[in-house]
Amino acid sequence: MTQTDRIFRTLSWIVGLACVAFLMLPIVITLAASFTSSPVYTLPPPDWSLRWYRSLGERSGLWDAVVLSVNLAAVSTLVSLVLGTLAAVAVTRGQFPGREAVATFAVSPLMMPGLVLGVALLQFFREIGLRDAYWSLLLGHIVITLPFVMRTLLASMAAFDFSLIDAARTLGLSYPKSILKVLVPSLAPAYLTSGLFAFLASMDNYPISIFLTDARNKTLPIKMLQYLEEQPDPSLAAMSSGLILLAIIVLVIGARTVGLNRMIQG
């Protein structure tokens, strides 16, 4: 290795570490602020305390918002897994014109600004007479979770041997049962990864939920915004730390699942 190569490698490490530090700094600040004993955001904290984590149980309507968000995320992820499987099989195996257009349409919500999509969904639901907040939120969350499932399954099915499905059908299984007993287990890592990211996207969604909630149905991000307007104390940092922990768990499970799948295939 020449002197120039060593200098370039050192500079690459410095730039890379600086980028990581820049991206991680907001997370570190949020975590530090959640353990402060001060009633205001103060860094460094005067004393370390769990008071703001304990105060979460006293927040009015917080746990109702958590239950609603978990419910929406779980149901929308499950529905997206079913619809995503059907759509991905149709796009992969179908011989109809416009398959690429269908695939692009299915993932198009990821390409649109969230606020624009939220306004469009609100207008559409009002035009068809759907005014129930829960069902509006559920349909809206399905729209934003389906692209995660669809994109992952399309990539995985491109390498799947569909002759296994044909073999299962010759042994007496119907097409739906062969999908359930052959395709789903074979693509289990893809289902788990896409489901985890879809769940996380639903839990953390703000730009669509803000247009579809009402006074009795508020998701966790919307409830946090309300707390920020009414009483901005470090308990919000404690809530954010919980969402950060959820994201870390999702990433760890996804990484371990991919690693295990590679070991099995190897």
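The model shown is predicted, which means the values in this text are computed figures rather than measured ones.

About the thresholds
Residues numbered from 1 in each chain as written. Predicted model: local features only at pLDDT ≥ 70, side-chain atom pairs only at ≥ 80, totals over all residues. Heavy atoms only, no water. Helix = DSSP H or I, 4+ residues; strand = E, 2+ residues; numbered from the N terminus. Contact = heavy atoms within 4.5 Å. Buried < 20%, exposed > 50% of the residue type's maximum accessible area, 1.4 Å probe, protein only. Axes fitted to C-alpha atoms, helices over the stretch in contact; angles between N-to-C directions. Parallel < 35°, antiparallel > 145°, perpendicular 65-115°, else oblique. Left-handed = near helix turned anticlockwise from the far one by under 90°. Nonpolar A, V, L, I, M, F, W, Y, C, P; charged D, E, K, R; others polar.

## What to know about the environment of L154
- Within the secondary structure layout, L154 lies in helix α6 (residues 133–157).
- Taking C-alpha positions, L154 is 8.1 Å from V91, a pair spaced 63 residues apart along the chain.
- When near neighbours in sequence (up to four residues on either side) are disregarded, L154 contacts A88, V91, T92 and A103.

## What to know about the side chain of S178
- Relative to the helices and strands, S178 is located in helix α8 (residues 175–186).
- Among the residues examined, S178 registers a relative accessible area of 0% and is labelled buried.
- The contact partners of S178, leaving out residues within four places of it in the chain, are I165, A168, R169, L173 and L183.

## A short note on the packing of helix α7 (residues 163–170) against α8
- Remark: α7 packs on α8, axes separated minimally by 9 Å, with the N-to-C direction vectors making an angle of 125 degrees. Here α8 runs oblique to α7, going by the angle between their axes. Our pair here, α7 against α8, has a crossing hand that is right-handed. Between α7, through L164, I165, A168 and R169, and α8, the contact on the second element is made entirely by Y175, S178, I179, V182 and L183.
- Of the residues that constitute the contact of α7 with α8, the class distribution is seven nonpolar, one polar and one charged.

Functional significance is not addressed by these values, which are geometric in nature.
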